[in-house]
Amino acid sequence: MLTHVLSGVEVAYQNLDSLETGVTTIDHYFDTLGGISRAVRRARGGAAASVYIGDQTRGNGTVRTIAEQVALETAPAR
């Protein structure tokens, strides 16, 4: 039953919780968003769902792909 439901998922999404932590700093995001996106991929026979991060921590909300969010968090400080 769960595999059937997950096979229909096209997008996985999670909000950032705070300015102080990000998707690369604590396992909360890896465990939840990473886990569900892997379960969806498996249920879809290897086809990945799109994964997005919602960031409302700095005023206006911004939605980024997981790749954009990781790049933002790992970019060298200026």
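Residues numbered from 1 in each chain as written. Predicted model: local features only at pLDDT ≥ 70, side-chain atom pairs only at ≥ 80, totals over all residues. Heavy atoms only, no water.

## Here's the deal with the side chain of Gln-14
Thinking step 1. Here Gln-14 is to be found in strand 1 (residues 11–15).
Thinking step 2. Among the polar contacts made by the side chain of Gln-14, one reaches the side chain of Thr-32 at a distance of 3.1 Å.
Thinking step 3. Ignoring sequence-local partners within four residues, the contact set of Gln-14 consists of His-28, Tyr-29, Thr-32, Leu-33, Tyr-52, Ile-53 and Gly-54. (Helix = DSSP H or I, 4+ residues; strand = E, 2+ residues; numbered from the N terminus. Polar contact = N/O pair within 3.5 Å; in protein donor to acceptor, adjacent residues only side chain to side chain. Contact = heavy atoms within 4.5 Å.)

## Digging into the sheet that holds strand 3 (residues 62–65)
Thinking step 1. Spatial strand order, 1-2-3: 3 strands in an open sheet with mixed pairing. The open sheet has two edge strands, strand 1 and strand 3, and neither has a second partner. Sheet twist, expressed as the mean angle between neighbouring strand axes with direction ignored, is 25°.
Thinking step 2. Sheet topology note: the strand 1/strand 2 (residues 50–55) ladder contains 5 bridges and is parallel. Across the sheet, residue Val-11 finds its bridge partner in strand 2, namely Ser-50.
Thinking step 3. Set on the sheet, helix 2 (residues 27–43) makes contact with strand 1 and strand 2; between it and strand 1 the angle comes to about 165°.
Thinking step 4. Running at roughly 100° to strand 3, helix 3 (residues 66–74) makes contact with strand 2 and strand 3 of the sheet. (Pairing = 2+ DSSP bridges. Axes fitted to C-alpha atoms, helices over the stretch in contact; angles between N-to-C directions.)

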